[in-house]
Amino acid sequence: MGGPEIDHLITLLAKLPGMGPRSARRAALRMLQQPEQRMLPLAQALAAAAAAVRPCADCGNLDSRDPCSICADPRRDRSIICVVEGVGDLWALERAGVHHGLYHVLGGTLSALSGTRPEDLTITALLSRIEEGETREVILALGATVDGATTAHFLADQLRPTGVTVTRVGQGVPIGGALDVLDDGTLAAALRGRRSA
Ligand code: ZN
């Protein structure tokens, strides 16, 4: 087509989630036809986000502040920590406005198949946060998958000696990874329906 710059752009766009070569070509074309309005603002937003956004040292959320806006918010209930697999799950819960405590991003689930072990997740950091003494309840909002259930059991065992209440969101709710696609009502019901783990 029109030179190596365009090919390179399409190759990079096609690697994004939800994109393939076809949608990458469409996006590239749309931007190239309106570079001032569409392309340069996007390039600046990408550079600014790459320079500023980091994982929160406390919870693992992505933010340009550290501690993140949630951890730093005095209105959040610091006695409840909701454990999620990834930042996408945190975003979904925040969009739904159903959790008013803090979060802890685990960074995945234990998995025999992919070889994810406890030390690959942020479990030690979670236990350190609980040792600080402010936490009353830990909500495990993990996937209703085999790996999600395995991870929840493992965490419940690890958390038991700390004396905090450990709950799990409603069984049968396809949470974790799929959290992002759940509607707000389902998310709220899942959180309300949490049970002792
Ligand atoms: Zn945070």
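Residues numbered from 1 in each chain as written. Predicted model: local features only at pLDDT ≥ 70, side-chain atom pairs only at ≥ 80, totals over all residues. Heavy atoms only, no water.

**Focus on the nonpolar core**
Point 1. Val 83, Leu 93, Leu 140, Leu 155 and Leu 159 are the most contacted members of the largest nonpolar core, which totals 42 residues.
Point 2. Only strand 3 (77-84), helix 4 (87-96), strand 4 (101-105), helix 5 (123-131), strand 5 (137-141), helix 6 (146-159) and helix 7 (184-192) provide two or more residues apiece to this core.
Point 3. In this structure, Leu 155 is in contact with Val 83, Leu 106, Ile 123, Leu 126, Leu 140 and Leu 142, ignoring residues within four places of it in sequence.
Point 4. Leu 9, Ile 10, Leu 13 and Met 31 belong to the second-largest nonpolar core, a separate cluster that totals six residues. (Core = buried A, V, L, I, M, F, W, Y, C linked by side-chain atoms within 4.5 Å. Buried < 20%, exposed > 50% of the residue type's maximum accessible area, 1.4 Å probe, protein only. Helix = DSSP H or I, 4+ residues; strand = E, 2+ residues; numbered from the N terminus. Contact = heavy atoms within 4.5 Å.)

**Quick word on the domain arrangement of the protein chain**
Point 1. Per the domain assignment, the segments making up the protein chain are domain 1 (4-52) and domain 2 (62-196).
Point 2. For domain 1 versus domain 2, the distance between C-alpha centres works out to 33 Å. (Domains from an automatic or database assignment.)

**As for the packing of helix 5 against helix 6**
Point 1. Two elements in contact, helix 5 and helix 6, have axes separated by 11 Å at closest approach and are oriented at 35 degrees. Seen from above, helix 5 lies across helix 6 with right-handed handedness. Where helix 5 approaches helix 6, its residues Ile 123, Leu 126, Leu 127 and Ile 130 are matched on the opposing element by Phe 154, Leu 155, Gln 158 and Leu 159. (Axes fitted to C-alpha atoms, helices over the stretch in contact; angles between N-to-C directions. Left-handed = near helix turned anticlockwise from the far one by under 90°.)

**Digging into unusual backbone geometry**
Point 1. A cis amide bond links Asp 66 with the next residue in sequence, Pro 67, at an omega value of 0 degrees.
Point 2. Turning to its location among the elements, Pro 67 is positioned in the loop between strand 2 (62-63) and strand 3.

**Structural notes on the pairing of strand 4**
Point 1. Buried residues dominate strand 4, accounting for five of its five residues.
Point 2. Pairing of strand 3 with strand 4, which is carried by five bridges, proceeds in the parallel orientation. Directly across from Val 83, in strand 4, lies its bridge partner His 104.
Point 3. Crossover handedness for the path strand 3 to helix 4 to strand 4: right-handed. (Pairing = 2+ DSSP bridges. Right-handed = clockwise from strand over helix to strand, strands pointing away.)

**Focus: the packing of helix 1 (residues 4-14) against helix 2 (residues 21-33)**
Point 1. Put simply, helix 1 and helix 2 touch, their axes get as near as 8 Å, and they point 125 degrees apart. As judged from the angle between their axes, helix 1 and helix 2 are oblique. Like other packed secondary-structure pairs, helix 1 and helix 2 cross with a definite hand, here right-handed. Every residue of helix 2 that contacts helix 1 at Ile 6, Leu 9, Ile 10, Leu 13 and Ala 14 is listed here: Pro 21, Ala 24, Arg 25, Ala 27, Ala 28, Met 31 and Leu 32.
Point 2. Residues that form the contact of helix 1 with helix 2 fall into these classes: eleven nonpolar, no polar and one charged. (Parallel < 35°, antiparallel > 145°, perpendicular 65-115°, else oblique. Nonpolar A, V, L, I, M, F, W, Y, C, P; charged D, E, K, R; others polar.)

**Considering the side chain of Arg 76**
Point 1. Considering the arrangement of structural elements, one finds Arg 76 in the loop between strand 2 and strand 3.
Point 2. Those residues in contact with Arg 76 that lie beyond four places of it in its chain are Ile 70, Glu 94, His 99, His 100, Gly 101, Leu 102 and Tyr 103.

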